[in-house]
Amino acid sequence: MRADRWAQGIFQAAFGLFIAVWTVFLAVIAVGAWHFVVINGWITPLLSTHWSPLAGHYGMLAFILGSITVTALALILAAPWVLALAVAGGRILRGTMQQTFIQLLTVFVAVPSVIYGWWGLTIIVPLVRRLSGTSGFGPLSAGVVLALMIVPTFSIMALHAVRQVPSALVEGSLALGATDDQTLWHMVLPSAWPALAQAFLVAVGRALGETIAVQMVIGGQSRLTSLLKPSATLTSQLLTDLALMPPKTPGHDALDFMAIWLVLLMAVLVGLQYRMRRGLRG
Amino acid sequence: MISRRQFLIAVGAASMAALGGRFSAMAQRRQRYVSIMGATSCIPFVKAYLPQWEHDHPGMTVAVTGGGSYAGLRALGLGQADIAMADLAPPPGFLVVPVQRYPLGRLPIVLVAGPQVGIRGLSWNQARAVFAGDIVNWRELGGANLPVIAVSRPESSGARDVMQHRILGARPFSPHCIIQLSNGAVMRTVVETPGAIGYVEATAPLREITVLTLQGNVFDPTRWQQWPLYAEPALYLRAQAPKEVKDLAAFLQSRPGRRQFGFYAASEQGFVYAR
Amino acid sequence: MVEKRLTKREGVSTILDIRVQELEVWYGPAKALENVSLHLEQGAVLALIGPSGCGKSTFLRVLNRMIDQVPTVRVKGSVHIGAFNVLDDDIDVTALRRTVGMVFQQPNPFPMTIFDNVAYGPRLAGVRSATKLRQIVEDSLKKSALWDEVRGKLRRSAMTLSGGQQQRLCMARALAVHPHVLLLDEPTASLDPVSTAKIEELIVQFKGRYTMVIVTHNLQQAARVSDLVAFFEQGHLVEMGPTHDIFTAPQERRTEEFLTGRFE
Ligand SMILES: Nc1ncnc2c1ncn2[C@@H]1O[C@H](COP(=O)(O)OP(=O)(O)OP(=O)(O)O)[C@@H](O)[C@H]1O
Ligand SMILES: [Mg+2]
């Protein structure tokens, strides 16, 4: 009884701490963003691409579009591959092969993103350059690097989503004469869907929030004219200009405003997923 | 579920904790701890001599953080750092407190390109045209038929500041420049990208790469006085800094053997401060 | 093409017999079944009884090749169900499984509507027409005595049904692909007495229409529903015979001990 109350206390404290820390965290960003909005308004920065913070121009349209483009590109490239990996690791590989595969993926999750950045700089950018005849720096390279970067995390989560589909459902499907492929498409993937969607969102978050790996291959210009020309994302620009606008400088508030936008983009996605799930159930 | 009261308590506690941190920072009176912050190009040099100073001043601890020249100067102004390392001069009005400047010497900046461009050097005007985006193919300068890909550093970089003032003047950098955050990333990009040109602080080893001559000047570390393009990194401290802090700055300024870190000391022959 | 085969089978009311000869099954190095031979007439109901771990489920899962799901398994001997050479590597497992339906110990409704559960098999077999599907679903639910309870609620999630209803839904689902053989692995083990009685009623009704093999730990149930009983012990088929004979005059001492509860 008493131990029970202790445990309850710990769980509530953990939750309370979570709320407290993230409230403060959001509040700090929100205050900065609010200062920014008071001075610059919130529409102009969103509709302009003129970014020159030392001169007081804070047009971030190109960065917002850049973030969306690069993230979408990364997920379009990664998702089919990840799905195939998840099916391979969750339903085809068995025994030690399966274990080794999962362990490998787990290890790769720890590879720091700056390594992916260097690696993008030495392999992906030259490849894109050779194929396109441009400099190779731009959203396309960033998308590819991000795709590769999120594959381990995304795959592990997707793999577990596929694996947690009860074998009773799989056998139930097979027992009705469904082939392995039919069982996969009509039973395993639909049953794994909510967990897959969750994995997808984590991958989106990882891609959207990545800074250094993107910065090293995207070229760092505040434009978005082509997938093959230097541009920037909210995060890569945040990283680039953090040194220019340290906390307590006027421009720093702009960075807070950009950070809020990242949180908002993510919130929209989470909301969409929630709607979709309710739609499926209802 | 957590109740609304628990939620309010949690939020309150967190704000208290944040405020508490403030006060404890203010309460720290007697200086046993010196913090240095700023340009990353200065860090290797500063770090190399710190142990010696700490050894001579028992009980003192020194912390070194990067973050860039602006962040260092800003932290100095706010009292969050005791010494700022900066390889650019603070823009007018950036610092509101009176500061003292301890110049560290010269940090040469060189133009680098891959060997494929077929050019061994540039004039001032050519360099400006290249980085401003007027020249788009090396052929225009008598080099290979390769598109020019200019690599630059972000606005917070001291090297870019020098490039802006000494080479570009009133012209902005081309909007087609590729921006990299560090010397290393610029070097790698230039090595990997045919037709690329960039500029780096000469602290990095210049391998696999062509160092271009500038207006006929050849970069030679033994004849560094002749090289015309350089940053002037310096330590900045508040004018009324404690004795220990001033002592540390003077100590660092007087160290010989900075060359291995790319610095050419003020005391060496032929050196005249520009400012 | 698949649809054609299905339609053709519907017209012909063949019921299939089961012939097993010298069946051996290993899970890795462990032998689970040894030298099992038996013959089950078409339309008969065979109850498999025996202590836990004696190989009843293993035997059942060989009959529709569900055993293939175990990667380390090795199967020897011969099994024929009607014209199907079950252990043949080149056999059409899909066709076999449509002919030999299976109901599991735990009701395993799919997380979809009641209608979609029953329509799952026919749809995958290529039935497209909505009218046809509705007909199949209604027929199957009627056969499994669930129709009266779920009519008008077919668009509800199958998860909202009670355990007993779920198990009858699983029966309906199996019936929807028009099998000739039904394998039931402890179909009432997780059900209350009323639901159990309903399932038993169905099995009795199905006699003669389907050849059935049912695994059960409930000896009264075996006595009530089966024509034949097979007693397994440690991978061996100890004895098989008409239900009445086995329960009143078993030939083997081990069978008698098991039936009288003197089994350790
Ligand atoms: N997938 C498997 N891998 C390895 N061994 C298995 C597997 N399935 C069953 N076995 C073993 O094979 C033997 C027979 O198992 P089976 O499930 O056929 O028994 P059973 O008669 O159905 O038991 P119960 O009445 O408890 O359901 C047991 O010793 C069991 O441990
Ligand atoms: Mg069993």
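Residues numbered from 1 in each chain as written. Chains lettered and ligands numbered in written order. Predicted model: local features only at pLDDT ≥ 70, side-chain atom pairs only at ≥ 80, totals over all residues. Heavy atoms only, no water.

Under the convention used in this document: UniProt positions are given in the numbering used here, feature names are shortened, and annotations may be inferred rather than shown by experiment.
Going by an unreviewed UniProt entry, chain B carries the name PBP domain-containing protein and comes from Sulfobacillus thermotolerans. In its Subunit (unreviewed entry) section, the UniProt entry covering chain B states "The complex is composed of two ATP-binding proteins (PstB), two transmembrane proteins (PstC and PstA) and a solute-binding protein (PstS)." Regarding chain B, the UniProt comment filed under Sequence similarities (unreviewed entry) reads as follows: "Belongs to the PstS family."

**Focus: the interface of chain A and chain B**
How big an interface is tends to be stated in terms of accessible area lost as the parts join. How we decide: Any two residues whose heavy atoms approach within 4.5 Å are treated as being in contact. Throughout this description, the term salt bridge denotes a Lys or Arg side-chain nitrogen within 4 Å of a carboxyl oxygen of Asp or Glu. Two N or O atoms count as a polar contact when they lie within 3.5 Å, although within protein this holds only if one can serve as hydrogen donor and the other as acceptor, and sequence-adjacent residues are included solely when both atoms are side-chain atoms. What counts as a helix is a DSSP run of H or I of at least four residues, what counts as a strand is a run of E of at least two, and both are numbered from the N terminus.
With 32 residues of chain A in contact, the opposing surface of chain B contributes 34 residues. On inspection of chain A and its partner chain B, the count reaches 0 salt bridges. Along the contact surface separating chain A from chain B lie 8 residue pairs in polar contact (both at pLDDT 80 or more). Breaking the side of chain A that touches chain B down by element, the ones donating at least two residues are α1 (2–40), α5 (113–132), α9 (212–218) and α10 (234–242) of chain A.

**A word on the sheet that holds strand β3 (residues 83–86) of chain B**
Residue and element names in this part refer to chain B. Stated formally: For two strands to be treated as a pair, DSSP must find at least two bridges joining them. Axes here refer to lines fitted to C-alpha atoms; in helices the fit is confined to the stretch in contact. Angles between the N-to-C directions go from 0 to 180 degrees.
The sheet built from 5 strands is open, its strands ordered β2-β1-β3-β13-β4 with mixed pairing. Lying at the two open borders of the sheet, with one neighbouring strand each, are β2 (61–67) and β4 (99–103). Across the sheet, the mean angle separating the axes of adjacent strands is 20° when strand polarity is ignored. Here strand β1 (residues 33–38) pairs with β2 via 6 bridges, running parallel. Paired with Y33 across the bridge in β2 is T61. Running at roughly 155° to β3, helix α3 (residues 69–78) makes contact with β1, β2, β3, β4 and β13 (234–238) of the sheet.

**Overview of the interface of chain C and chain A**
Basically, it comes down to this: Computed with a 1.4 Å rolling probe, the buried area is the accessible surface lost when two parts are put together, summed over both parts.
Counting residues at the interface gives 22 residues for chain C, matched by 19 residues for chain A. Approximately 1600 Å² of surface area, both sides summed, lies buried where chain C meets chain A, with 63% of it carried by carbon and sulfur atoms. Of all residues in chain C, Q69(C), Y120(C) and L124(C) give up the largest surface area on contact with chain A, accounting jointly for 33% of the area buried on that side. At the boundary of chain C and chain A, one finds 1 salt bridge. Residue E171(A) pairs with R61(C) through a salt bridge whose shortest N-O separation is 3.0 Å. Between chain C and chain A we count 4 residue pairs in polar contact (both at pLDDT 80 or more) in total.

**Things to note about the sheet that holds strand β5 (residues 84–85) of chain C**
Residue and element names in this part refer to chain C. Taken in spatial order, the 4 strands make up an open sheet running β2-β1-β4-β5, and their pairing is antiparallel. The open sheet terminates on both sides in strands that have one partner only, identified here as β2 (30–40) and β5. Direction of pairing for strand β1 (residues 18–27) relative to strand β4 (residues 73–81): antiparallel, over a ladder of 8 bridges. Across the sheet, the residue bridging to R19 is H80, located in β4. With respect to the sheet, helix α2 (residues 56–63) is in contact with β1, β2 and β4, its orientation differing from that of β1 by roughly 120°.

**A closer look at helix α4 (residues 114–124) of chain C**
Stated formally: Here's how the labels work: a residue is buried when its accessible area is under 20% of the maximum for its type, exposed when over 50%, partly exposed in between, all with a 1.4 Å probe on protein chains only.
Within α4(C), 9 of the 11 residues are buried, leaving the element largely enclosed by the surrounding structure. Residues of α4(C) that are buried: I114(C), F115(C), N117(C), V118(C), A119(C), Y120(C), G121(C), P122(C) and L124(C). Looking at the buried side of α4(C), the elements it contacts are α7 (167–175) and α8 (180–209) of chain A together with α3 (93–99), α5 (130–143), α6 (147–150) and α7 (163–175) of chain C. Positive phi shows up at G126(C), right after α4(C), with a value of about 105°.

**Examining the arrangement of the chains**
Looking across the 2 pairs of chains in contact, one finds the most contacts between chains A and B. The two partners chain B and chain C share no contact, and the minimum distance between any of their C-alpha atoms is 26 Å.

**With respect to the pattern of salt bridges**
Evaluated as defined, the whole model comprises 15 salt bridges over all chains. For R238(B), the salt bridge identified is with D82(B), shortest N-O distance 3.5 Å. Here R238(B), found in strand β13, pairs with D82(B), found in the loop between α3 and β3; they are 156 residues apart in sequence, far enough to count as distant. The partner of E257(C) in a salt bridge is R254(C), with the nearest N and O atoms 3.2 Å apart. Placement of the pair is E257(C) and R254(C) together in helix α11 (residues 253–259), with a separation of 3 residues, close to one helical turn. The exposure class assigned to E257(C) is buried, which follows from its relative accessible area of 13%. Take R254(C): its relative accessible area is 25%, and that puts it in the partly exposed class.

**Some points on the packing of aromatic side chains**
Basically, it comes down to this: Each aromatic pair joins two rings of Phe, Tyr and Trp (for Trp, the six-membered one) with centres within 6.5 Å, and gets the label stacked for planes under 30 degrees apart, edge-to-face for over 60, and tilted for any other angle. Here, a charge over a ring means that NZ of Lys or CZ of Arg falls within 6 Å of the ring centre while also lying within 35 degrees of the ring normal.
Summed over the entire model, instances satisfying the criterion amount to 17 aromatic pairs over all chains. These aromatic residues form a ring-pair network of at least three members: F36(A), W51(A), Y58(A), F63(A) and F257(A). The ring of W26(C) is capped by R74(C), whose NZ or CZ atom sits 4.8 Å from the centre of that ring. Sitting over the ring of F115(C), R155(C) keeps its end group 4.6 Å from the ring centre.

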